[in-house]
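Letter by letter, the chains look like this.
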Amino acid sequence: MARATRVFLLLLLVLLSSPSPSFSLYEDQVGLMDWHQQYIGKVKHAVFHTQKAGRKRVVVSTEENVIASLDLRRGDIFWRHVLGPNDAVDEIDIALGKYVITLSSEGSILRAWNLPDGQMVWESFLQGPKPSKSLLSVPANMKIDKDNVIFVFGKGCLHAVSSIDGEVLWKKDFADESLEVQQIIHPLGSDMIYAVGFVGLSQLDAYQINVRNGEVLKHRSAAFPGGFCGEVSLVSSDTLVALDATRSSLISISILDGEISLQQTHISNLVGDSFGMAVMLPSKLSGMLMIKINNYMVFVRVADEGKLEVAEKINDAAAVSDALALSEGQQAFGLVEHGGNKIHLTVKLVNDWNGDLLKENIGMDHQRGCVHKIFINNYIRTDRSYGFRALIVMEDHSLLLLQQGEIVWSREDGLASIIDVTASELPVEKEGVSVAKVEHNLFEWLKGHMLKLKGTLMLASPEDIIAIQGMRLKSSEKSKMTRDHNGFRKLLIVLTRAGKLFALHTGDGRVVWSVLLHSLRNSEACAYPTGLNVYQWQVPHHHAMDENPSVLVVGRCGLGSDAPGVLSFVDTYTGKELDSLFLTHSIERIIPLSFTDSREQRLHLIIDTDHHAHLYPRTPEAIGIFQHELPNIYWYLVEADNGIIRGHALKSNCILQEGDEYCFDTRDLWSIVFPSESEKILATVTRKLNEVVHTQAKVITDQDVMYKYVSKNLLFVATVAPKATGEIGSVTPEESWLVVYLIDTVTGRILYRMTHHGTQGPVHAVFSENWVVYHYFNLRAHRYEMSVVEIYDQSRADNKDVWKLVLGKHNLTSPVSSYSRPEVITKSQFYFFTHSVKAMAVTSTAKGITSKQLLIGTIGDQVLALDKRYLDPRRTINPSQSEREEGIIPLTDSLPIIPQSYVTHTLKVEGLRGIVTAPAKLESTTLVFAYGVDLFFTRIAPSRTYDLLTDDFSYALLLITIVALVAAIFVTWILSERKELQEKWR
Amino acid sequence: MASTLRSSPIPLILFLQLCFSFLSTTLAISSGSSDGYTINGRVKIESTGVKGFGLPGKTSNVKVILNGGQWVTFLRPDGYFSFHNVSAGTHLIEVAAIGYFFSPVRVDVSARNPGKIQAALTENRKGLTELVLEPLREEQYYEIREPFSIMSLVKSPMGLMMGFMVIVMFLMPKLVENMGKVL
């Protein structure tokens, strides 16, 4: 009997212990826990391609340096490329009807992309002596030896580039003349072009250039003594209109056969009562130009001989498209105006203001804000009249296609520029589920599990497999609007650069609500608003359960750090902006405190640039709580430009602003000054405020214990040699180094300092529990490196003796104080890492028991999960038997990259900028959200889901087993009965 | 190999191009104007596609990255890429292609003798005579589901339960009987 049991137990052990990477996914599990959304960003330029039958598309370039080809019917992405961060797109166009031409990097890189599939066809690097304005011109019907020529002005030179292979045919250097070319004019049918531009501020030059060889045929210049302000618009093929230096008169310039003639018209004569400054709006309307003056948009028509007349004056909250050539030599343009919750789209003929081709009113969600841009395109209806479609870009960066008075599709491209993310809970489920629903669910549930069983037993037909897959993907459970038991369903509150707040459901990634924050819109009170951060303001869980949770959105009115701040409070269930405050002070740093008031509103301290502290919420209750804790509040400020870190404490109420009891003066406690000639602050990292540490003790081999030095007041600082702040390759290993520090922010004590010689930044670091992991570049090995530093508390190390514990002679209960000098020891180790890193984060779980994983956003826009066990300073080349049992991995010089541990599997999070983790209620699981131009969400279990049955657990198999067991019990019972009877008869 | 050549002419073309590039002594680095050098190179992905997981070697989704993101460029249809206006020094080139693992490459751009190439894979310190970047291996992002086997059923908790029951039911009486005989 005993032997049998032993054999059985052994068998069980062998079967259960099969090692495998901790994160891995089967191909058919894609989409079960993760979702991926692709965006492009705010559209800057759009070119339609609808001439030919077949796929109708629009090619766009965006502020996120994306070029993309979109399906005009549905708004889907055909293809997309994210250019480098320094490679902003200047202009795009289509050449030869099959290539998308992009000019980027301030007119120095010209690329052609194949229109159907987005393959790059050629790339040209255009060189020039000095930076200048850039200009791309793709004449539609200019042929030189069967080649279409593209003209590019950039870096002070005019280039003619072949559109077939990108070869530079000729180049004319205008740098010596210091000519800033404003327009390239190509008169129809001729083989010469005019390059017109300013020299200095008061001279206008026109060059007539032979298209074939770049030879200058004629050069004329005209001086205008008043001076130009630099704004110019091309009105027709031989007329330009410029604004003068005082912005009070327009100068129409006509170039006939290379001769320039100027004619000046005062704007006040045109508009009448105008004394404001005029701004010329960039437009490409033939025979017309637009100026903006005194909140009005004025359309000025250019009549014969350069005479100007006002065509229309409209309110300035409007957008105008470029002119679109219709067939009979006519040109049309689109105009969008706002009125109530509708927008009015009109398409007009350029030379006939009252001839509206189209007039539509379209209902528009006011959360999208104003129209920023419009691009129009025409098609021919079945009755041979013209129809128009309009692509509009809204204030929240979304992109919409309008056609026949309706919104055909819309894209929330604001989500491509996320600034900050926080996770918020969903409402608790209400009681009262009907019985019918349960019964229906039970049947469905059984059916589903029978199908799954078929799947596991390989009995399923292909249709069944599809049904199983569909069932798993759809599973209504995961997209419910209530809190779930495991805490997988949450809301991700996301702040975008447009000042719009979105709530995304973690189940399927849909937008639950979105709100364009009123306080972060450009207005009289707040010019150039910028969003900064989102904080959890109110998280009701103990008291105030009937209140909805809310978030605090912090922004700034203006670009500099001394600009006044804006606060906005948003209910996360409904998406309503509860309140907003325009602050009188600036925002340097925001410190969420660990105290909440009776309504569970978290106290926040805002430090302004004058180092005054302001307390929010502004309630007497908050001040009461705060006064009590006043002497225990410390903070620090990092002045990266000056190389100083200062520690501060609070003193008393402000002296200057008397009567403001929410304002506090501060005093300097300590400061660390880094020598400016040898160190420059590159990165500072602290622990996440809401991180939970399960235990301070770490049991190591031989039942030994080490105590982690767990402190909320540790700051990791990395400095670099000032020479080495540039890119890789700009310094030699000898003149570059990196110094890392661990600093206690209460006392300013440096607990750890380490110099890495021959290394440079960029430094990416994460700080969790008692360890820091940072990534940097090693110039000697010419590889990236990752280092780990662990810090242990030595003062508690002698508490290992059981007798001391029994007799009470231990110091475990003695208070921990930041003032006392800590006895710490640090351990560190470093490893090579293959890839460049864009972002780094660490998993976080509800109780902090589960082991940690690092989430590394690589240069290839993938997210790699790397076990913390690989970054353990106790790794050695030959770990002893006991160390092996503890799980110490033998030391290798580089960190392994296991393809199965990419949490993004085959997907890319294009333009990756950040990774955010949030704990689920289930201890084993972390929610991971990676954002960039794309969004990706998944949940991972760093130590596998030890507290949850997997999705493919077969309940049907369990049921069958139970039934079989019961049946077997009966059979054996009957058998034994029979046997007993036989025994008795015997 | 012969069969692949017959089935598709692309490898042959690639091979010819490779020969051509050998003949015409392509210099990976050519000096441009006064303000910088140009690095020319090539990414070669031979899509084996045997395993089914390796994505087709589509060059339109491959990015080549200089110095951790300073510049990003794309591949031409023939796999060539170039970086312009690069300063003298030691640089790092990385290739981002889903489904393949590329080693970063260190490239020395020397100011003294322009045109001299010094390139090495940083992963295995292998020197490159030419800037032709090939993936070190294909990457499979998914676990492969093992086909159904009786063993997997036996391994599952239910299977173990059944197995244990069978043992108790049929083997135990025998053991007990044997013990009885011994006694």
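Here the structure is a predicted model, which means the values were calculated and not measured.

Let us now look at the overall build of chain A. The number of helices and strands found in chain A is 8 helices and 65 strands. Structurally, chain A occupies a C-alpha span of about 125 × 80 × 60 Å along its principal axes. Considering chain A as a whole, with its 986 residues, one finds that 53% of them fall into the buried category. Of the contacts made within chain A by residues no fewer than 6 positions apart, 51% connect residues no fewer than 24 positions apart. Positive and negative side-chain charges in chain A, numbering 97 and 113 respectively, have mean positions lying 6 Å apart.

Take the overall build of chain B next. From N to C terminus, chain B includes 4 helices and 12 strands. When burial is assessed residue by residue, chain B has 40% of its 183 residues classed as buried. Across chain B, contacts joining residues at least 24 apart in sequence account for 55% of those joining residues at least 6 apart. Counting only carbon and sulfur atoms, one obtains 64% of the accessible surface of chain B, whose full area is about 10,200 Å².

With that settled, consider the interface of chain A and chain B. Across the boundary between the two partners, chain A contributes 73 residues, which contact 62 residues of chain B. Carbon and sulfur atoms supply 63% of the area that chain A and chain B bury against each other, a total of about 5,900 Å² over both sides. Summed over the shared surface of chain A and chain B, the result is 3 salt bridges. Here Asp861(A) ties to Lys63(B) by a salt bridge, and the two come within 3.8 Å at their closest N and O atoms. Across the contact surface, chain A and chain B share 13 residue pairs in polar contact (both at pLDDT 80 or more).

It is worth spelling out helix α8 (residues 955-985) of chain A at this point. Across its 31 residues, α8(A) extends 45 Å between first and last C-alpha, which sits within 8% of the 45 Å expected from 1.5 Å per residue. Buried residues of α8(A): Ala956(A), Leu957(A), Thr961(A), Leu965(A) and Ala968(A), and no others.

This part takes up the nonpolar core. All names here are of chain A. Judged by nonpolar contacts, the single largest core of 36 residues is most densely connected at Val60, Leu391, Val494, Phe929 and Leu935. Beyond its immediate stretch of four places on either side in the chain, Leu391 contacts Ala46, Phe48, Val58, Val60, Lys373, Ile374, Phe375, Leu399, Leu400, Leu401 and Trp409. Phe716, Ala765, Tyr774 and Phe777 belong to the second-largest nonpolar core, a separate cluster that totals 28 residues.

Residue and element names in this part refer to chain A. Position of Ile700 among the secondary structure elements: in strand β51 (residues 697-700). Between the alpha carbons of Ile700 and Glu886 there is a distance of 7.3 Å; along the sequence they are 186 residues apart. Ignoring any residue separated from it by four or fewer positions in sequence, one finds Ile700 in contact with Val705, Met706, Arg874 and Glu886.

Here the focus is the confidence of the model for chain A. Residues and elements named next belong to chain A. Looking at chain A as a whole, its pLDDT mean stands at 83, while 90% of the residues score no less than 70. With pLDDT under 50 throughout, residues 1-21 is counted as low confidence; its partners more than four residues away or in other chains account for 13 contacts. Predicted confidence is poor over residues 432-437, with pLDDT under 50, and the contacts of this stretch with residues over four places away or in other chains come to 1 contact.

Residue and element names in this part refer to chain A. Under the counting rule described, the total for this entry stands at 34 salt bridges over all chains. Its salt-bridge partner being Lys852, residue Glu691 comes within 3.7 Å of it at the nearest N-O pair. Here Glu691, found in the loop between β50 (680-686) and β51, pairs with Lys852, found in the loop between β60 (837-842) and β61 (853-858); they are 161 residues apart in sequence, far enough to count as distant. A residue is classified by how much of its surface remains accessible, and Glu691, at 10% relative accessible area, is buried. Overall, the relative accessible area of 9% leaves Lys852 in the buried class.

Once that is clear, we can look at the confidence of the model for chain B. Residue and element names in this part refer to chain B. Overall, the predicted model of chain B reaches an average pLDDT of 72, with 68% of residues at or above 70. Residue range residues 1-28 is modelled with pLDDT below 50. Its contacts to residues more than four positions away, or to other chains, number 19 contacts. Taken together, the stretch residues 49-57 has pLDDT below 50 and engages in 14 contacts with residues farther than four places along the chain or on a different chain.

Next up on the list: a nonpolar patch on the surface. Residues and elements named next belong to chain A. On the surface, Leu442, Trp445, Leu446, Leu949, Tyr955, Leu959, Ile962, Val966, Phe970, Trp973 and Ile974 cluster together into a nonpolar patch covering about 1,000 Å² of accessible area. Contributing elements (two or more residues each) for the nonpolar patch: α3 (435-456) and α8. Among the elements that line the nonpolar patch, the one with the most residues is α8, at 7 residues. Mapped onto the fold, Phe970 is located in helix α8.

With that settled, the discussion passes to the sheet that holds strand β63 (residues 914-919) of chain A. Residues and elements named next belong to chain A. Spatial strand order, β1-β65-β64-β63: 4 strands in an open sheet with antiparallel pairing. The sheet is open, and its two edges are formed by β1 (35-37) and β63, each paired on a single side. For this sheet the average axis-to-axis angle between neighbouring strands, irrespective of direction, equals 15 degrees. Pairing geometry for β1 and strand β65 (residues 935-940), over 3 bridges, is antiparallel. Looking at β65, one finds that His36 is bridged to Phe936.

The subject of this paragraph is the sheet that holds strand β62 (residues 863-867) of chain A. Residues and elements named next belong to chain A. A sheet is described by the order of its strands in space; here 3 strands give the open sequence β60-β61-β62, paired in antiparallel fashion. Of all the strands in the sheet, the pair left with one neighbour each is β60 and β62. Pairs of neighbouring strands in the sheet enclose a mean axial angle of 25 degrees, with direction left out of account.

On to the state of the cysteines. Each disulfide is one covalent bond, formed between the sulfur atoms of two cysteines. Evaluation of the coordinates by the stated rule reveals 1 disulfide over all chains. Free cysteine Cys370(A): the closest other cysteine sulfur is in Cys526(A), separated by 15 Å.

Residues and elements named next belong to chain A. A complete count under the given rule lists 15 aromatic pairs over all chains for this structure. Through pairs of rings, three or more aromatic residues link up here, namely Trp35, Phe929, Tyr931 and Phe937. It is Arg783 that lies over the ring of Phe832; its NZ or CZ is 4.5 Å from the centre. The positively charged end of Arg939 is found above the aromatic ring belonging to Phe488, 3.9 Å away from the centroid.

This part is about the pairing of strand β47 (residues 634-639) of chain A. Residues and elements named next belong to chain A. Strand direction decides the pairing type here: β47 and strand β48 (residues 644-653), joined by 6 bridges, are antiparallel. Within β48, the position partnered with Leu637 by the bridge is Arg646. Taking the residues between adjacent antiparallel strands as the criterion, β47 and β48 are bridged by 4 residues, where Gly643 takes a positive phi near 70 degrees.

It is worth spelling out the environment of Gly729(A) at this point. Position of Gly729(A) among the secondary structure elements: in the loop between β53 (714-720) and β54 (737-744). The exposure class of Gly729(A) is buried, given its relative accessible area of 9%. Considered as a pair, Gly729(A) and Phe953(A) are 224 residues apart in the sequence and their alpha carbons are 53 Å apart. Ignoring any residue separated from it by four or fewer positions in sequence, one finds Gly729(A) in contact with Gln760(A), Ala88(B), Gly89(B), Thr90(B) and His91(B).

Okay, unusual backbone geometry next. In this structure, the amide linkage connecting Tyr616(A) to the following residue, Pro617(A), adopts the cis form with an omega of 0 degrees. With respect to the helices and strands, Pro617(A) occurs in the loop between β46 (613-616) and α5 (620-629). The step from Gly761(A) to Pro762(A) runs through a cis peptide bond, and the omega angle for that step is 0 degrees. The backbone phi angle of Ser105(A) is positive, close to 55 degrees, even though this residue is not glycine. Structurally, Ser105(A) can be placed in the loop between β7 (99-104) and β8 (109-114). Of note, Asn67(B) is a non-glycine position whose phi angle comes to about 50 degrees, a positive value. By the secondary structure assignment, Asn67(B) is in the loop between β3 (63-66) and β4 (71-74). The class for Asn67(B) is buried, based on a relative accessible area of 3%.

A separate point is the side chain of Gln367(A). Residue and element names in this part refer to chain A. By the secondary structure assignment, Gln367 is in the loop between β31 (352-363) and β32 (371-380). Exposure remark for Gln367: the relative accessible area of 18% places this residue in the buried category. Polar contacts involving the side chain of Gln367 include one to the main-chain amide nitrogen of Leu516, which spans 2.9 Å. If we ignore the near neighbours within four places in the chain, the residues touching Gln367 are Asp396, Lys500, Ser514, Val515 and Leu516.

Turning next to α5(A). Residue and element names in this part refer to chain A. Within the sequence span of α5, burial applies to Ala622, Ile623 and Phe626. For α5, the angular spread of buried residues about the axis comes to 95 degrees, placing them on one side. Every exposed residue of α5 that faces more than 90 degrees away from the buried side is listed here: Pro620 and His628. The inward-facing, buried residues of α5 abut β44 (589-596), β45 (602-607), β46, β48 and β49 (663-673).

About the criteria used
- Here, residues in each chain are numbered from 1, in the same order as that chain's written sequence.
- A letter from A marks each chain and a number from 1 marks each ligand, given out in the order of writing.
- With pLDDT at 70 or above as the cut-off, local features in this predicted model cover only qualifying residues; side-chain atom pairs require 80 or more to be listed or tallied, and sums for whole chains, interfaces and linings still use all residues.
- The side-chain quantities take in all heavy atoms of the structure and omit both hydrogens and water.
- Comment: elements are numbered from the N terminus, with helices defined as DSSP H or I runs of at least four residues and strands as E runs of at least two.
- Only protein chains enter the area calculation, which uses a 1.4 Å probe; residues under 20% of their type maximum are buried, those over 50% are exposed, and those in between are partly exposed.
- Contact definition: two residues touch when any of their heavy atoms are within 4.5 Å.
- Think of it this way: Lys and Arg go in the positive column, Asp and Glu in the negative one, and His and the chain ends go nowhere.
- A single reference atom marks each charge: NZ on Lys, CZ on Arg, CG on Asp, CD on Glu.
- The method behind every accessible area is Shrake-Rupley, applied with a 1.4 Å probe, and residues are considered shielded solely by the protein chains displayed.
- Buried area, as used here, totals the accessible surface that two parts lose on assembly, with accessibility defined by a 1.4 Å probe and the loss added over both.
- We count a salt bridge whenever a side-chain nitrogen from Lys or Arg sits within 4 Å of a carboxyl oxygen from Asp or Glu.
- Whenever two N or O atoms come within 3.5 Å, that pair is a polar contact, provided that in protein one can donate a hydrogen and the other can accept it, and provided that, for residues adjacent in sequence, both atoms are side-chain atoms.
- Multiplying one less than the number of residues by 1.5 Å gives the expected span of a helix.
- In these notes, a set of buried Ala, Val, Leu, Ile, Met, Phe, Trp, Tyr and Cys residues joined through side-chain atoms within 4.5 Å is what counts as a nonpolar core.
- Every residue is assigned a pLDDT by the predictor, reflecting its confidence on a scale from 0 to 100.
- Patch building starts from residues that exceed 30% relative accessible area and form no salt bridge, then joins like charges within 9 Å and nonpolar side chains (Val, Leu, Ile, Met, Phe, Trp, Tyr) within 5 Å.
- By definition, two strands form a pair when at least two bridges between them are found by DSSP.
- Axis lines are fitted to C-alpha atoms, over the contacting stretch for helices. Their N-to-C directions set the angle, which ranges from 0 to 180 degrees.
- Note on terminology: disulfide denotes any pair of cysteine sulfur atoms within 2.5 Å.
- Pairing of aromatic side chains requires ring centres within 6.5 Å, counting the rings of Phe and Tyr and the six-membered ring of Trp. Pairs whose planes differ by under 30 degrees are stacked, by over 60 edge-to-face, and all others tilted.
- Distance and angle both matter: a charge sits over a ring if NZ of Lys or CZ of Arg is within 6 Å of the ring centre and within 35 degrees of the ring normal.
- By definition, the arc is the one covered by directions from the helix axis to the C-beta atoms.

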